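Residue-level listing of the chains:
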Amino acid sequence: MMQSLVIGVDAGATSTRVAVHTLDGVRVGYARAGAGNPTAHGLATAVSAIETALGEALGSLDGSRVVASLAGVAGHVEEMAPALAKVWAGHGITAEPRYMGDVPIAYAAGSPEPDGSLLLSGTGAVAARIAGFERGTVADGLGWLLGDAGSGFWIGREAAKAVVHAFDRGLPVAALDRTPPDRGPASGAGGVEAGSGLLVALVGEHFLGDERPATPRAVADRLVRLAQADHMRLATLSALVSRAASEGDPLAAGIVCEAAGHLVATLRRVHRSGPVVLAGSVLISPGPVREAVTELLAGERVTTAGDAASAAAWLAARDHLSEPDTTTLHAAFTSTA
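Reading guide: rules and limits
- Residues numbered from 1 in each chain as written.
- Predicted model: local features only at pLDDT ≥ 70, side-chain atom pairs only at ≥ 80, totals over all residues.
- Heavy atoms only, no water.
- Helix = DSSP H or I, 4+ residues; strand = E, 2+ residues; numbered from the N terminus.
- Buried < 20%, exposed > 50% of the residue type's maximum accessible area, 1.4 Å probe, protein only.
- Contact = heavy atoms within 4.5 Å.
- Areas by Shrake-Rupley, 256 points an atom, 1.4 Å probe, with all protein chains shown as cover.
- Lys, Arg positive; Asp, Glu negative; His and termini not counted.
- Charge placed at Lys NZ, Arg CZ, Asp CG, Glu CD.
- Domains from an automatic or database assignment.
- Buried area = accessible area lost by both parts, 1.4 Å probe.
- Salt bridge = Lys/Arg side-chain N within 4 Å of Asp/Glu carboxyl O.
- Nonpolar A, V, L, I, M, F, W, Y, C, P; charged D, E, K, R; others polar.
- Pairing = 2+ DSSP bridges.
- Axes fitted to C-alpha atoms, helices over the stretch in contact; angles between N-to-C directions.
- Parallel < 35°, antiparallel > 145°, perpendicular 65-115°, else oblique.
- Left-handed = near helix turned anticlockwise from the far one by under 90°.
- Polar contact = N/O pair within 3.5 Å; in protein donor to acceptor, adjacent residues only side chain to side chain.
- Expected span 1.5 Å × (residues − 1).

As named in an unreviewed UniProt entry, the protein chain is ATPase, taken from Nonomuraea mesophila.

Draft legend 1. The arrangement of the overall build of the protein chain in detail. Along the backbone of the protein chain there are 14 helices and 10 strands. When the backbone C-alpha atoms are referred to their principal axes, the protein chain occupies close to 70 × 45 × 30 Å. Buried positions account for 51% of the 337 residues belonging to the protein chain. In the protein chain, once contacts between residues fewer than 6 apart in sequence are set aside, the share between residues at least 24 apart is 66%. With an accessible surface of roughly 14300 Å², the protein chain has 53% of that area assigned to carbon and sulfur atoms. The distance from the centre of the 25 positive side-chain charges to the centre of the 34 negative ones in the protein chain is 4 Å.

Draft legend 2. Geometry of the domain arrangement of the protein chain. Each domain of the protein chain was delimited in the assignment, giving domain 1 (5-110 + 306-334) and domain 2 (113-305). One C-alpha centre belongs to domain 1, the other to domain 2; they are set 30 Å apart. Contact residues are listed per partner, giving 14 residues for domain 1 and 20 residues for domain 2. Summed over both sides, the interface between domain 1 and domain 2 buries roughly 1100 Å², with carbon and sulfur atoms accounting for 73% of that surface. The interface formed by domain 1 and domain 2 contains zero salt bridges. At the level of elements, α4 (102-108) and α12 (308-317) are the ones that each hand at least two residues to the side of domain 1 that touches domain 2. Among the elements that make up the side of domain 1 that touches domain 2, the one with the highest residue count is α4 (five residues). For the side of domain 1 that touches domain 2, the class distribution of residues is nine nonpolar, three polar and two charged.

Draft legend 3. Looking closely at the sheet that holds strand β5 (residues 98-100). The strand order across the open sheet built from five strands is β3-β2-β1-β4-β5, with neighbouring strands paired in mixed fashion. Both outer strands of the open sheet, β3 (27-33) and β5, are each paired with one neighbouring strand and no more. On average, adjacent strands in this sheet sit at an angle of 10 degrees to one another, irrespective of strand direction. Pairing analysis gives seven bridges linking strand β1 (residues 5-11) to strand β4 (residues 66-73), with the strands arranged parallel. When the bridges of β4 are listed, Val-9 appears paired with Ala-71. Most of the contacts of helix α2 (residues 43-58) go to β3, to which it runs at about 150 degrees, and overall it touches β1, β2 (16-22), β3 and β4. The sheet strands contacting α12 are β1, β2, β3, β4 and β5, and the helix crosses β1 at an angle near 135 degrees.

Draft legend 4. Up close: the environment of Ser-111. Relative to the elements of secondary structure, Ser-111 occurs in the loop between α4 and β6 (116-121). Residue Ser-111 is classed as buried on the basis of its relative accessible area, which comes to 3%. Separated by 29 residues in sequence, Ser-111 and Pro-82 place their C-alpha atoms 30 Å apart. For Ser-111, the residues in contact, after removing those within four places along its chain, are Phe-133, Pro-275, Val-277 and His-330.

Draft legend 5. Structural detail: the packing of helix α5 (residues 152-168) against helix α7 (residues 216-229). At their nearest, the axes of α5 and α7 sit 7 Å apart, and the two run at 150 degrees to each other. It follows that α5 is roughly antiparallel to α7 by the angle criterion. As for how α5 packs across α7, the hand of that crossing is left-handed. Listed contacts from α7 to Val-163, Val-164, Phe-167 and Asp-168 of α5 are Pro-216, Arg-217, Val-219, Ala-220, Leu-223 and Val-224. For the contact of α5 with α7, the class distribution of residues is eight nonpolar, no polar and two charged.

Draft legend 6. How the structure looks around the pairing of strand β9 (residues 276-279). Residues Val-276 and Leu-278 point to one face of β9 and Val-277 and Ala-279 to the other, with burial holding for every one of them. Looking at chain direction, β6 and β9 are connected through four bridges and run parallel. Among the inter-strand pairings, Ser-117 is bridged to a residue of β9, identified as Val-276. Both β9 and strand β10 (residues 302-304) contribute to a ladder of three bridges, which runs parallel.

Draft legend 7. Representation of the side chain of Asp-148. Relative to the elements of secondary structure, Asp-148 occurs in the loop between β8 (134-140) and α5. Here Asp-148 is buried and forms no salt bridge, its nearest opposite-charge partner Arg-157 lying at an N-O distance of 8.4 Å. A distance of 3.3 Å separates a polar atom in the side chain of Asp-148 from the backbone nitrogen of Leu-142. Discounting residues that sit within four places of it in the chain, Asp-148 has contacts with Gly-124, Ala-125, Asp-140, Gly-141, Leu-142, Gly-143 and Trp-154.

Draft legend 8. Broad picture of helix α6 (residues 197-208). Helix length check: α6 (12 residues) gives 16 Å between terminal C-alpha atoms against 16 Å at 1.5 Å per residue, within 8%. A large share of α6 lies buried, amounting to 10 of its 12 residues. Within the sequence span of α6, burial applies to Gly-197, Leu-198, Leu-199, Val-200, Ala-201, Leu-202, Val-203, Gly-204, Phe-207 and Leu-208. As for α6, its buried residues are in contact with α5, α7, α8 (237-246) and α9 (250-268). After α6 finishes, the residue Gly-209 shows a positive phi value of roughly 60 degrees.

Here is the structure:
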């Protein structure tokens, strides 16, 4: 007898993932595609990404076996629901997908308990209270321009700002080539603390490569122009900040400490009880930001989110499972590699 299938979708600002599972949690299909946030990239682009991932995840599987689906999408657009229903029908799936935001799904990726809190830091940052796997009170998540304190974008922007301001204050151009932490610029040179040469060099390499403007001010101007031309490049600096902090760079360590403080303060605005699920690339990856946040949350029950697309599949499956099976099978769904 053919087993029933459930589908989960995790569509975000940078990528889309679709997971296909049997009702006992076994993953039988999985695929990735491009950005699926309709607010950031437009409805057509988002739907196309989800359709591509869905087709690849299903492969030769019969769409008529799908009994439930849940699409978690960052960026809510009302037109998305009927557009997805059309895509599902095109694959022979008769049951239209439930459509919801990505926050409850990120939480469910880390806990089978219906009530708790989510702290997410990826490109953006948000905290939310979760009740019955529904989003409750939200803090931050206000976007890269006016909010998202402690996010990957915020961390990268702080690093770029510090480096730009240092060159604006006269940090020598030669600092771009000083990679070992113990050979950083002298204390006070351009306002950069002794030992912070690694982060300066990493930021310079990220934007300039082998290019070497003639003067410190020219370096600052060039960095500003490149960042303004593609502001999302700032988010990728987050990994460089983590690397520099891990190697003892004091400037990077200060940025990490401040980011962790912002994130935990945001969480405290919404958290009341239950587990705290850490999600997003900044917090699920081992590194100094995660370590600092975890230390600040000592005493809380902290878990880490697994695969969000598979968590969406688990949420979709809940209506077809008994209560004991729902909790027991959570790990089977979300821990699938």
